[in-house]
Structure formats: C-alpha cells, structure tokens
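Listed below are the residues making up each chain.
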Amino acid sequence: MNDDLDPKPLPPAEEQRLSAFLQADAAAGLDPRGGAEVAPEAAARREAIRRGFVSGGLESSLPASGGEAHRASTTEIRGGTISLDSLLPRRTRRVWPRVALAAAAVLIAVVAGRALIVGNSREPALAWSVRQTTGTGALMVNGRPQPPLLKAGDEVRFEGEGMADLICEGHLAIQLPTDGACTLPAFRPPARAGWRGLTGGRPQTAQASVLAGEVRFVTGAQFPGNHLRLSTRAAELEVTGTTFAVILNAESTCVCVLEGAVKLQPRAGAQSQSRAGWRVEAGTRRSVAVDGGTRIEPILPMERMKLEMLRDTAR
Amino acid sequence: MNQDETSSGVAAVTVDLSRVRARDPESLGLFFDRYFDSVHALAARMMGRRELAEDVAQEVFYRILRSIEQLDPARDPRPWIMAITANVCREVWRSRGYRSARVTDPIETHAAALTSSAVTDERRRERQTRVQESLLQLDPDSRLVILLHDYHGFDHAEIAETVGISHAAARKRYSRAIAILAPLLEGLWP
C-alpha cells in the first residue's frame, strides 16, 4: 500500500453506506463456486479435499517450490554417510595419506601466499539480478527505471503496487514490496572450497542500508561464515545467516526474525536503555524507536508466512 | 447480514480446536466443514477464478494440516486461516503459470462467469458482476481488507491480526480501499 497516494477519504456516513451495500452484496448469495452448472464438479473436488484433510494425506496443489526441493536434497545428503575409504581400492588407500600430505603442504603454501598478496577482497563484487517483479509497480534503481544490470551499492526502491525479488546468487535474496527501499550489499566470490578451509574462510562483511518500507532478507547457501551489517535510521543490525524482515516507519525500526537470529543495536546517539543491543531470536520481532524505546513480541502470523514464502522460493 | 458471524457461533460450539490440533479425524472433518466455504469464497473473490479458488482452498488446507501444531485452541482460528488463504493467493499470483494464464484468459471474463449461473435476475446479475469486477480492479491488499471486512465480517482488530499490521493501519487501509472503490461503483450504491 502506498500511503503517499491516499485518495480523499469518504465522509463517515458515505463509508458506512458503501460498506452496507457491500455487505448486502455478500449476503445476496453469490455462490463463488459457480452455481448449479458446476456444482457436481465443485462438490466432488470439495469432497476429495475433505477426504485428504481428514485422513492427513492431503497433497499440495501448487508445484513444489525451490525451497522444498533444496531442503529435500540436503536432507538426503545429510541422511547418509559415505566413507571415502569405502570408495577407493586397497592399494590407493595405502598411498593416499602420503599424497594428501604432500598436496596439503603445496596448497597451504600457495593459498597463504595468494591470501597475503591478493585476498578475495580484490575480486569484483558479485552481480545482483531481478528474480521477478509482480504487480503494476516498477523497480527504480538510483532514482531511474530499472537498468539491465544491478550492482552492489545501487539504491533500489519498488514504486507502485506489487513487489520485486532481487538475488545475489548463493548469498542473499531481498524482497522489496511497495515503497520498500534499500541499498544492495557487496558480496565477493567465495574462496574455492579447498582453500577456504585452509585459510579459515576469510569471512566477508557486507554492508547495506534499509531506507524505507518493509524489506525482507533471506541468506543463501554460501552465506554462512559471512556477515551482513544493515543500518536504519534507528538501529544497526548484524546478521550471520537467517531469514528476517526489517520494517521501517518514521519513528521506528522493527526486525522480525523467522530463522536464526539477528543482533540489533540502537544507533549511536539514540537514547536507548541498552547500548549493548539485543539478540532477536527466531519467532520474535523487536522494534526500536528513534527515541530509544523498544518492545519485543511474537512475530505476526502474516509476516511469518510472507517470510516463509520468500525463503521457500529464494533458496 | 454477516455470513461469517452466523456460522462462527456454530463453530464455537461444535469444533473442539484442541482435538483438531491432535488430528482427531472427526474434529478435522468438522473444522473443514466449518471453514472450507469461507476459504473458498475469499479465494474466489480474491482470484476472480473458480478453478483457481479450488486450488487455493486445497493448498490452504494442506498448509493447515502441515502446521496444525500452530493452531491455538484458545483463539479464533479465522485470522490464521484467512492469513494463510491470502498468502496462498499471493503465491499463486506470483507464479509463472498464473501470469501466463492471465494473458489469454482475462480476469474480467471469469468475473462474469463467476456470477452468471448463480443468479437469475438480470439486473442483480449485472450489479454483482460489476461489484466483482470493481473489486478485481483494486490492488490485492485493498481487495483483501474489503473482503475481510464486508464479506467475512472481520472487524479492524481481526483484519490487523490477519494482515499483520496495527489496528490503526488496518482502519486506514480499509478507508483508503473503500475510497478507491466508491467511484468504481458509482450509481450502484445509494
């Protein structure tokens, strides 16, 4: 909803009359299931759904989301343990420790040298892309209609009705509903798998600002070990892998956490009761006002579902 | 007349939510009978298409079953159920299949089909078709608050709980939605 484009409100009496008219329309008996022509078909479908619901075997009517597929595949991998030894012939097994030691020594030398000289901070930041937009609104980038390429540091805002899902593959997905605005954080290509373990992973710290509205975030499979710092007018957030939303208005910042946890700290200068900040745990939301006031409550069902949807489609 | 309030009184007596939560088949059946029509009606008016409403209703009850542990027996489950319904509608809108279907199958055609067999009186049918078409012209958030308030008997506090906004914001959103709807229905309402 775009509150800046509010139409002139109806006088209360007119609002009540129109509301009564709509309630009469509801009571007039419009059968949203299509009336007599489709009744047998609709009744059969209803009965099939009922049977599935009562027996506990009801299946989803929507295609499996990427998120569910991802979870299914990771479950399979975690569910089984495959020993590398069992896959190798006996002779290879005897030679393997020595070869591994030699290879490790070479790798350590190369990686240490590369890390000292270059490091992945010199790598160009990964690109951002628009996964999808819905509704009639448009994504604005740095105040202009969406260019073909997005880059870290761009200021993005969704104007009009609808929403946009942006993604930095493997690292972070951002959802901008109407009037949501933020800057895009920079992620570098991860160090190669073998090197990352040897060098301690060289964690990255990406930074961004949430500028307006509601903005939802889901971290990706390559994010763990890294950090994301978000700033708003009222607070600073630090994230180490989670699904959460940041909701801003003129007076406060609200953080709703679905998974993981977010460290929330009032901005310097705020008259807060806690300089140390708080850890916002999964299933809760904490709001921090510009004047330092704070409140913690359970996450609202609607926000929980919006975040679950984003997580399931983004991962 | 408020459709939901009438049946809601019945539900309070007949559906034991703690037994629903325990997946007792008989209670699940009563729960389904109590809420299916509300879910289907909201989905049909939100989507403007009967066959999609059936898919949405199935998905809603699938999700209810999947997260039945979240059902709080001490609270009216309608906001929770309607929140799931609104979310599934939103998910279907966002799906590729729905967007491609919209190109060849305009929603207005379905709005007319939705009512054509349900009423016999010509003027009444025209009026209902126009109301449905006007509702479909609203953005989904505005449509949802109108449907919850005027078609499902939710008060602003229940809308706030369903949509996940404050009471004041729910009131404001409804006023805004009805102000947008008023000129679309010009000449129809007294």
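From a predicted model like this one, the values you see are computed outputs, not experimental measurements.

Once that is clear, we can look at the overall build of chain A. When helices and strands are tallied, chain A shows 7 helices and 17 strands. Here the contacts in chain A between residues at least 6 apart in sequence split such that 54% fall between residues at least 24 apart.

The next point concerns the overall build of chain B. The secondary structure content of chain B amounts to 11 helices and 0 strands. Along the chain direction, N to C, the helices and strands of chain B fall in the order α-α-α-α-α-α-α-α-α-α-α. When each of the 190 residues of chain B is scored for burial, the buried share is 59%. Taking the contacts inside chain B whose residues are at least 6 apart along the sequence as the reference set, 67% of them involve residues at least 24 apart. By element, 51% of the accessible surface of chain B is carried by carbon and sulfur atoms, the whole surface being about 7,600 Å².

Since one α-helical turn is 3.6 residues long, residues separated by three or four positions face the same way. All names here are of chain B. The buried fraction of helix 9 (residues 140-151) amounts to 11 of the 12 residues, a majority that puts the element mostly inside the structure. Within the sequence span of helix 9, burial applies to Asp141, Ser142, Arg143, Leu144, Val145, Ile146, Leu147, Leu148, His149, Asp150 and Tyr151. Where helix 9 terminates, the next one or two residues include Gly153, which has phi positive at roughly 70°.

The partner chain A presents 61 residues to the 74 residues of chain B that form the contact. Carbon and sulfur atoms supply 60% of the area that chain B and chain A bury against each other, a total of about 6,300 Å² over both sides. Taken together, the connections running from chain B to chain A amount to 14 residue pairs in polar contact (both at pLDDT 80 or more). Those elements that place two or more of their residues in the side of chain B that touches chain A are helix 3 (25-47), helix 4 (50-66), helix 5 (78-94), helix 7 (107-116), helix 8 (122-137), helix 9, helix 10 (156-163) and helix 11 (167-184) of chain B. Looking at which element gives the most residues to the side of chain B that touches chain A, the answer is helix 3 of chain B, with 13 residues. Its residues assigned to classes, the side of chain B that touches chain A comprises 37 nonpolar, 14 polar and 23 charged.

A few words now on the packing of helix 9 of chain B against helix 11 of chain B. The description of two packed helices rests on the angle between their axes and on the distance between the axes. Residue and element names in this part refer to chain B. The geometry of helix 9 relative to helix 11 is characterised by a closest axis approach of 9 Å and an angle of 100° between their N-to-C directions. Classed by the angle they form, the pair helix 9 and helix 11 counts as roughly perpendicular. Note on element contacts: helix 11 touches helix 9 through Arg173, Tyr174, Arg176, Ala177, Ile178, Ile180 and Leu181, opposite Asp141, Ser142, Val145, Ile146, His149 and Asp150.

In this section: the packing of aromatic side chains. The tally for this structure, following the rule as stated, stands at 9 aromatic pairs over all chains. A centroid spacing of 5.9 Å and a plane angle of 40° characterise the contact between A:Phe53 and B:Phe32, whose relative ring orientation is tilted. Here A:Phe53 is found in helix 2 (residues 39-55), whereas its partner B:Phe32 is found in helix 3 on a different chain. Each member of the pair, A:Phe53 together with B:Phe32, is buried. Ring centres of A:Phe53 and B:Phe61 lie 5.2 Å apart, and the angle between their planes is 80°; on these two criteria the pair is classed as edge-to-face. In this pair, A:Phe53 is assigned in helix 2 and B:Phe61 in helix 4, connecting two distinct chains. Take B:Phe61: its relative accessible area is 0%, and that puts it in the buried class.

All names here are of chain B. The geometry of helix 4 relative to helix 5 is characterised by a closest axis approach of 9 Å and an angle of 125° between their N-to-C directions. When the axis of helix 4 is compared with that of helix 5, the two are oblique. Note on packing geometry: the crossing formed by helix 4 with helix 5 is right-handed. Within the contact between the two elements, helix 4 uses Leu52, Val56, Glu59, Val60, Arg63 and Ile64 and helix 5 uses Trp80, Ile81, Ile84, Thr85, Val88, Cys89, Glu91 and Val92. Looking at the contact of helix 4 with helix 5 residue by residue, the class counts come to 10 nonpolar, 1 polar and 3 charged.

Positive phi, close to 50°, is recorded for A:Asn142, a residue that is not glycine. Among the secondary structure elements, A:Asn142 is positioned in the loop between strand 2 (138-141) and strand 3 (144-145). By relative accessible area, A:Asn142 is classed as partly exposed at 44%. In this structure, B:Arg23 is a non-glycine residue whose phi angle is positive, near 65°. Tracing the backbone shows B:Arg23 in the loop between helix 2 (17-21) and helix 3.

This next bit is on the nonpolar core. One finds A:Leu18, A:Leu22, A:Phe53, B:Phe31, B:Phe61, B:Ile64 and B:Ile146 to be the most contacted residues of the largest nonpolar core, which totals 69 residues. When residues of this core are assigned to their parent elements, the largest contribution, 11 residues, is made by helix 3 of chain B. Mapped onto the domain boundaries, this core takes at least three residues apiece from domain 1 (1-103) and domain 2 (106-190) of chain B. Discounting residues that sit within four places of it in the chain, A:Leu18 has contacts with A:Leu10, B:Ile178, B:Ala182, B:Leu185 and B:Trp189. Within the second largest apolar cluster, 36 residues are counted, among which are A:Leu176, A:Ala208, A:Phe217 and A:Val255.

Glancing now at the state of the cysteines. Counted under the stated rule, the structure contains 0 disulfides over all chains. You can see A:Cys256 has no disulfide; the closest cysteine sulfur is in A:Cys254, sitting 4.0 Å from it.

Attention now moves to the pairing of strand 2 of chain A. Walk down a regular strand and you will see the side chains alternate between the two sheet faces. Residue and element names in this part refer to chain A. Bridge analysis of strand 2 against strand 4 (residues 155-159) gives 4 bridges, and the strand direction is antiparallel. Looking across to strand 4, one finds that Ala138 is bridged to Glu159. Relative to strand 3, strand 2 runs antiparallel, the two sharing 2 bridges. Pairing of Val141 across the sheet is with Arg144, part of strand 3. Linking strand 2 back to strand 3 in an antiparallel pair, the connection comprises 2 residues, with Asn142 at a positive phi of about 50°.

All names here are of chain A. The strand order across the open sheet formed by 8 strands is 1-5-6-9-12-13-16-17, and the pairing between neighbours is antiparallel. If you trace the sheet from one side to the other, it starts and ends with strand 1 (129-135) and strand 17 (294-298), each paired once. Between one strand axis and the next, the sheet turns through 15° on average, direction left out of account.

What follows covers the confidence of the model for chain B. Residue and element names in this part refer to chain B. Mean pLDDT over chain B: 79, with 78% of residues reaching 70 or higher. Per-residue pLDDT stays below 50 along residues 1-13; that stretch engages in 19 contacts with residues further than four places along the chain or on separate chains. This stretch, residues 99-119, has a pLDDT under 50; its non-local contacts, to residues over four places away or in other chains, come to 43 contacts.

Criteria and cut-off values
Residues numbered from 1 in each chain as written. Chains lettered and ligands numbered in written order. Predicted model: local features only at pLDDT ≥ 70, side-chain atom pairs only at ≥ 80, totals over all residues. Heavy atoms only, no water. Helix = DSSP H or I, 4+ residues; strand = E, 2+ residues; numbered from the N terminus. Contact = heavy atoms within 4.5 Å. Buried < 20%, exposed > 50% of the residue type's maximum accessible area, 1.4 Å probe, protein only. Areas by Shrake-Rupley, 256 points an atom, 1.4 Å probe, with all protein chains shown as cover. Buried area = accessible area lost by both parts, 1.4 Å probe. Polar contact = N/O pair within 3.5 Å; in protein donor to acceptor, adjacent residues only side chain to side chain. Nonpolar A, V, L, I, M, F, W, Y, C, P; charged D, E, K, R; others polar. Axes fitted to C-alpha atoms, helices over the stretch in contact; angles between N-to-C directions. Parallel < 35°, antiparallel > 145°, perpendicular 65-115°, else oblique. Phe/Tyr/Trp six-rings, centres within 6.5 Å; stacked < 30°, edge-to-face > 60°. Left-handed = near helix turned anticlockwise from the far one by under 90°. Core = buried A, V, L, I, M, F, W, Y, C linked by side-chain atoms within 4.5 Å. Domains from an automatic or database assignment. Disulfide = S-S within 2.5 Å. Pairing = 2+ DSSP bridges. pLDDT = per-residue confidence, 0-100.

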